[in-house]
Amino acid sequence: MVMHLVAGFASSGARWRAVCSCGYTTTPRVDERRALAALHTEHELSVPVCGLCGHDYTGRSWRQLRDVDLRILASGPAGDQFLACRDLPQSCRDGAAQRQMHLDRAAREGFGLPVPPPRLRVVPGGRR
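Conventions we followed
- Residues numbered from 1 in each chain as written.
- Predicted model: local features only at pLDDT ≥ 70, side-chain atom pairs only at ≥ 80, totals over all residues.
- Heavy atoms only, no water.
- Pairing = 2+ DSSP bridges.
- Helix = DSSP H or I, 4+ residues; strand = E, 2+ residues; numbered from the N terminus.
- Core = buried A, V, L, I, M, F, W, Y, C linked by side-chain atoms within 4.5 Å.
- Buried < 20%, exposed > 50% of the residue type's maximum accessible area, 1.4 Å probe, protein only.
- Contact = heavy atoms within 4.5 Å.
- Salt bridge = Lys/Arg side-chain N within 4 Å of Asp/Glu carboxyl O.
- 1 Å grid on protein atoms, 1.4 Å probe; cavity = no way out; pocket = protein on both sides within 12 Å on 5 of 7 lines; lining within 4 Å.
- Points joined across faces, edges and corners; volume = space filled by probe spheres on them.
- Nonpolar A, V, L, I, M, F, W, Y, C, P; charged D, E, K, R; others polar.
- Arc of directions from axis to C-beta.

Within a regular strand, side chains alternate between the sheet's two faces. Alignment of strand β3 (residues 70-75) against strand β4 (residues 80-85), held across six bridges, turns out to be antiparallel. What sits directly across from Ile72, in β4, is Leu83. The hairpin turn running from β3 into β4, its antiparallel successor, is four residues long, and Gly76 in that turn takes a positive phi close to 75 degrees.

On to the nonpolar core. Ranked by size, the top nonpolar core spans 11 residues in total: Met3, Leu5, Cys50, Cys53, Tyr57, Leu65, Leu70, Leu83, Ala84, Cys85 and Cys92. Sorting elements by how many residues they give to this core places β4 first, with three residues. In contact with Cys85, not counting residues within four places along its chain, are Cys50, Cys53, His55, Tyr57, Asp69, Leu70, Arg71 and Cys92. Formed by seven residues, the second largest nonpolar core is a distinct cluster that contains Ala18, Cys20, Leu36 and Leu39.

Time to look at the pattern of salt bridges. Going through the model one piece at a time under the given rule, you end up with five salt bridges. Across the salt bridge formed by Arg33 and Asp31, the nearest N and O atoms sit 3.9 Å from each other. Taking the relative accessible area as the measure of exposure, Arg33 reaches 60% and is therefore exposed. We classify Asp31 as partly exposed; its relative accessible area is 27%. Two residues, Arg66 and Asp67, come together in a salt bridge whose shortest N-O distance is 2.8 Å. Overall, Arg66 belongs to the partly exposed group, its relative accessible area being 28%. For Asp67, a relative accessible area of 42% puts it in the partly exposed group.

With that settled, the discussion passes to the layout of surface pockets. Remark: the empty space left among the atoms is shown by a probe the size of a water molecule rolled over them. What the largest pocket holds in volume is close to 540 Å³. Lining the largest pocket, in full, are Met101, His102, Asp104, Arg105, Arg108, Val115, Pro116, Pro117, Pro118, Arg119, Leu120 and Arg121. Of the residues belonging to the lining of the largest pocket, the class tally is six nonpolar, one polar and five charged. Forming the boundary of the second largest pocket are 13 residues, of which Leu5, His40, Leu45, Ser46 and Leu65 lie nearest the centre. Residue assignment for the lining of the second largest pocket shows that the elements contributing at least two residues are α1 (32-42) and α2 (62-69). Here the lining of the second largest pocket gets three residues from one element, more than from any other, and that element is α2.

What follows concerns α2. Among all positions in α2, only Trp62, Leu65 and Asp69 are buried. Mapping the buried residues of α2 onto a view down its axis gives an arc of 120 degrees, with all of them on the same face. Lining the buried residues of α2 we find β1 (6-12), α1, β3 and β4.

Honestly, it's all geometry; don't read function into it.
Laid out in structure tokens, this is it:
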């Protein structure tokens, strides 16, 4: 699966083309706004949701998504791509671990395997 995010713009004389991260470009338009609108209508962009923690970045500008919020990662021998929170903050790693626990539990229940009770872990530190 290939992820599609706005990569930027390329000038074509006095006109502009919007460019997708996959390499797709629009035909030249009068300004960047129209080129971006054309990219949204002609080429399906990926939903801006982190594939690890599930955080939804809908409503952010394309620059915010590209430069601050998300990055495209590849996994597996086929090179499948997915979106992930940029720099994998602790909240993303925690969310990914929680989602994996739910997936593991659902798989065990789906195959009729016994589900072990949750384990509590003592974390050093805190108030004394």
